[in-house]
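# Residue-level structure breakdown
Chain residues, written in single-letter form:
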Amino acid sequence: MDTGMNDRKNGQAALGPDDALERARRATANASSGAAPDPEVAPTAQRRQFSSAEKHRILAAADACHAHGEIGALLVSVARPPS
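Residues numbered from 1 in each chain as written. Predicted model: local features only at pLDDT ≥ 70, side-chain atom pairs only at ≥ 80, totals over all residues. Heavy atoms only, no water.

### Remarks on the overall build of the protein chain
Each helix and strand in the protein chain was counted, giving 4 helices and 0 strands. The helix and strand sequence of the protein chain, counted from the amino end, reads α-α-α-α. Counting the 83 residues in the protein chain, one finds 6% classified as buried. (Helix = DSSP H or I, 4+ residues; strand = E, 2+ residues; numbered from the N terminus. Buried < 20%, exposed > 50% of the residue type's maximum accessible area, 1.4 Å probe, protein only.)

### Looking at the environment of Glu 70
Relative to the helices and strands, Glu 70 is located in helix α4 (residues 70–79). If near-sequence neighbours (up to four positions away) are discounted, Glu 70 is found in contact with Ala 64 and Cys 65. Here the side chain of Glu 70 touches Ala 67 through a polar contact of 3.1 Å, landing on its backbone nitrogen. (Contact = heavy atoms within 4.5 Å. Polar contact = N/O pair within 3.5 Å; in protein donor to acceptor, adjacent residues only side chain to side chain.)

### Overview of the packing of helix α3 (residues 52–63) against α4
Axis separation between α3 and α4 bottoms out at 9 Å; the angle between their running directions is 155°. Taken together, the axes of α3 and α4 are roughly antiparallel relative to one another. For the element pair α3 and α4, the recorded crossing hand is right-handed. Taken together, the residues of α4 that come into contact with α3 (itself represented by Ile 58, Ala 61 and Ala 62) are Ile 71, Leu 74 and Val 78. (Axes fitted to C-alpha atoms, helices over the stretch in contact; angles between N-to-C directions. Parallel < 35°, antiparallel > 145°, perpendicular 65-115°, else oblique. Left-handed = near helix turned anticlockwise from the far one by under 90°.)

### Some remarks on the confidence of the model for the protein chain
The share of residues in the protein chain with pLDDT of 70 or more is 65%, and the mean pLDDT across the chain is 76. When pLDDT is averaged over each element of the protein chain, α3 comes out on top at 94 and helix α1 (residues 3–9) at the bottom at 53. (pLDDT = per-residue confidence, 0-100.)

### A closer look at the environment of Ala 62
Along the chain, the position of Ala 62 falls in helix α3. Of the residues examined, Ala 62 reaches a relative accessible area of 21% and is grouped as partly exposed. In this structure the C-alpha to C-alpha distance between Ala 62 and Leu 74, which are 12 residues apart in sequence, comes to 7.2 Å. Apart from the residues within four sequence positions on either side, Ala 62 is in contact with Ile 71 and Leu 74.

Dropping the structure here:
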C-alpha cells in the first residue's frame, strides 16, 4: 500500500522535504526564544593573562630545558592554575 495513502487515512497529509525542514526550523526557534536561561549553567572560562615578567620567567625556564619532555612538563605546570 502507498505510504501517502496511509497518512491520508490517519488524517495527516504527507510531508515533503521542505515541509519537514520548515517544521524543524519552527521548533528550534520556538524552543530558544521563550525559555529563560538556566541559572545553574557555569559561566564560560576565561583565558589566563600573563604579565610581562611572568612571560619572561616562562621563556627563561623553557630555554633552560634540554631533556626530552621537559618543555611539555613546564607547560603543564604553567597551565595549571595556582591553588
